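Inside the fold
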Amino acid sequence: MKYWQPKYETMRRSDIEELQLKRLKNVVKNVYEHVPFYRQAFGSIKPDNITSITDVTKLPTTQKTDLRDNYPFGLFATPMQDVVRVHASSGTSGKSTVVGYTARDIETWSDLMARNFTMVGLGSDDIFQNAVNYGLFTGGLGIHFGIERIGATAVPSGTGNTKHQLEMMMDFGVTALHCTPSYALYLAETAQELDIVDRLSLKTGCFGAEPWSDTTRRELEETLDINAYDSYGLSEMFGPGVAFECQEKDGLHIWDDHFLVENLDQDGESVAPGERGELVLTSLTKEAMPLIRYRTGDITMVRDDECPCGRTHTILEKVVGRSDDMLIVRGINVFPSQIESVLMAIPEVGDQFQVVIDRKRHKLDEMHIKVELTDRAFTGELKDLEDLRCNVEDKLKAVLNLRTLVELVERGTIPRTAGKARRIVDLREEY
Ligand code: DLL
């Protein structure tokens, strides 16, 4: 039985743009009429002023603080009777941000997830384990509904108890896995330790919710013998499902029929294709909480080349990090994902690291990086590994343009997490 058929993925660009304009007009009218925050923010601009998709730039941008200021439901465009679910993201400071969904939003979101999963070859024959937190985090139920939409068998394992997760994978013949890439590395490491990799039937991994490099992809693909795909999304735009890699694994397709994409520099000006900027999205189909020109904080590049897969939607480069995760150390910009890709390419070091930045000595920023060794490297005393340590420092210097202090530690020293990894400890405010 066929459960779900992809559509709209190979639309002509002109048809996509026509659809985008129709939907943009609807969404602008909807928020203008139903969300006092937007009516006020639009100032003198009226919905009728939107006559082309580039007119979106006439509208003001919105950001996370607008959600916090209107906590919890102030940006909802539908009455609560029509809201069938809420999710929330915790955030590191202040109130969490709450998002809402109508029944139709849940349908749209599930269809988006199904589009992504079928794109990477998944279907009703798959047994699909979702090893993320089922709760307010959108990665639980969002992915789950997509799994059911394609008729695959969902294994809603949630997080925790890594050995039990692997046992389920073996016993149930799990063929597809969704979790964060950092947790996938931990699962892979544990599977190797238990010597059970050969007993897994995994073929496909969908990983997201945090940045990860192509080197991590190779590591996961080799260790688990799978194809690994990047999944990008954010609660404010449904959750997971906003953009996903196809089988070419060269950039993510962001679904233009649901999201109007802009990539802006710090001054709010559009950057050219192929240049790094902040991704700004307008939701075109959300009912309960549409967002206009939402500044995601995510740094990426938008490409205008054609994908050999034939899909016509915009291609995004992997998100390298959030503008607020970017570290400025001695005036140099550093993304944790740059550190990750250097480390993952050195065979003797493992996949876990932690960066501590402080200002203790000389009042200058210092970046200490704790790096775990693989068993392969750890055959003697740690002090015998001085050459390796210097080599890691040199490789980091070449990419970051910054001297770091590397400390090699035994495997298992750095705490693992089933959710988003906490790689950075910034102690500078304390001095
Ligand atoms: O992380 C939604 C999600 C769940 C995406 C499961 C993929 C898989 P939030 O908790 O609201 O939602 O966090 C959204 O996480 O703005 C990015 O900074 C980051 N992020 C999400 N996916 C990726 C990715 C979910 N593939 C925030 N690469 C976003 C890099 C990502 N960063």
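Here goes a summary of the coordinates provided. (Residues numbered from 1 in each chain as written. Predicted model: local features only at pLDDT ≥ 70, side-chain atom pairs only at ≥ 80, totals over all residues. Heavy atoms only, no water.)

**Structural notes on helix α10 (residues 386-400)**
Since the α-helix packs 3.6 residues into each turn, any two residues three or four apart lie on the same face. Cut-off, in case you're wondering: A helix here means a DSSP run of H or I that spans at least four residues, while a strand means a run of E at least two residues long, and both kinds are numbered starting from the N terminus. The span one expects for a helix is its residue count, reduced by one, times 1.5 Å. Partly exposed residues are those whose accessible area sits between 20% and 50% of the maximum for their type, while under 20% is buried and over 50% is exposed, using a 1.4 Å probe and protein chains only. In this context, the arc is that of the directions from the helix axis out to the C-beta atoms. Here a residue-residue contact requires only that any non-hydrogen atoms of the pair lie within 4.5 Å.
The terminal C-alpha atoms of α10 lie 21 Å apart, and with 15 residues this matches the ideal 21 Å at 1.5 Å per residue to within 8%. Every buried residue of α10 is accounted for by Leu 388, Val 392, Glu 393, Leu 396 and Leu 400. The buried side chains of α10 occupy one side of the element, clustering within an arc of 140° when seen end-on. Set apart from the buried face of α10 by more than 90 degrees, the exposed residues are Asp 387 and Ala 398. The elements touched by buried residues of α10 are β16 (332-334), α9 (336-344), β17 (349-358), β18 (366-373) and β19 (405-409). Looking one or two residues past α10, Asn 401 carries a phi angle of roughly 65°, positive in sign.

**Thoughts on the site of the ligand**
Note the following rule: By convention in this text, a residue qualifies as near a molecule or strand provided that one of its non-hydrogen atoms is within 4 Å of it. Polar contact criterion, stated in full: a pair of N or O atoms within 3.5 Å, where within protein one must be able to donate a hydrogen and the other to accept it, and residues adjacent in sequence count only if both atoms are side-chain atoms. Residue burial considers only the protein chains on display, and all accessible areas are found by Shrake-Rupley using a 1.4 Å probe. Following the grouping adopted for this structure description, the nonpolar residues are Ala, Val, Leu, Ile, Met, Phe, Trp, Tyr, Cys and Pro, the charged ones are Asp, Glu, Lys and Arg, and the polar ones are all others, Gly among them.
Around the ligand, the structure places 20 residues, and the nearest of them are Asp 230, Ser 231, Ser 235, Asp 298 and Lys 420. At a separation of 2.5 Å, an oxygen atom of the ligand approaches a polar side-chain atom of Ser 235. Arg 322 is positioned with one of its side-chain polar atoms (N or O) 3.1 Å from an oxygen atom of the ligand. For the ligand, whose accessible area on its own is 610 Å², the fraction buried by protein is 93%. Of all the elements in the fold, those that place two or more residues in the shell around the ligand are α5 (138-149), β7 (227-234) and β8 (239-245). Ranked by the residues each element gives to the shell around the ligand, the list is headed by β7, at five residues. Class assignment for the residues of the shell around the ligand results in seven nonpolar, eight polar and five charged.

**A few points about the sheet that holds β17**
Stated formally: Paired strands, in this sense, are two strands between which DSSP finds at least two bridges. Orientation is described by axes fitted as lines to C-alpha atoms, over the contacting stretch for helices, and by angles from 0 to 180 degrees between their N-to-C directions.
Read from one edge of the open sheet, four strands run β19-β18-β17-β20, paired in mixed fashion. The open sheet is flanked by β19 and β20 (424-426), the only strands paired with a single partner. Averaged over neighbouring strand pairs, the angle between their axes works out to 20° when direction is ignored. Of the pairings in the sheet, the one linking β17 to β18 comprises seven bridges and is antiparallel in character. Bridge assignment links Val 356 to a residue of β18, and that residue is His 368.

**Section: the pairing of β17**
Side-chain positions along a regular strand alternate between the two faces of the sheet. Most of β17 is tucked away: nine of the ten residues are buried. Judged from the three bridges that link them, β17 and β20 form a sheet pairing that is parallel. What sits directly across from Val 355, in β20, is Ile 424.

**Remarks on helix α8 (residues 214-224)**
Every buried residue belonging to α8 is among Thr 215, Thr 216, Arg 217, Leu 220, Glu 221, Thr 223 and Leu 224, and all of these are buried. Elements in contact with the buried residues of α8: α7 (181-193), β6 (204-208), β7, β8 and α9. After α8 finishes, the residue Asp 225 shows a positive phi value of roughly 55°.

**What to know about the packing of α8 against α9**
Rules: Just so you know how the angles are binned, under 35 degrees is roughly parallel, over 145 roughly antiparallel, 65 to 115 roughly perpendicular, and the rest oblique.
Look at α8 against α9: their axes get within 8 Å of each other, and the N-to-C directions meet at 45°. Viewed along their axes, α8 and α9 adopt a mutual orientation that is oblique. Only Glu 340, Ser 341 and Met 344 of α9 make contact with α8, whose side of the interface consists of Thr 215, Thr 216 and Glu 219. Of the residues assigned to the contact of α8 with α9, the class counts are one nonpolar, three polar and two charged.

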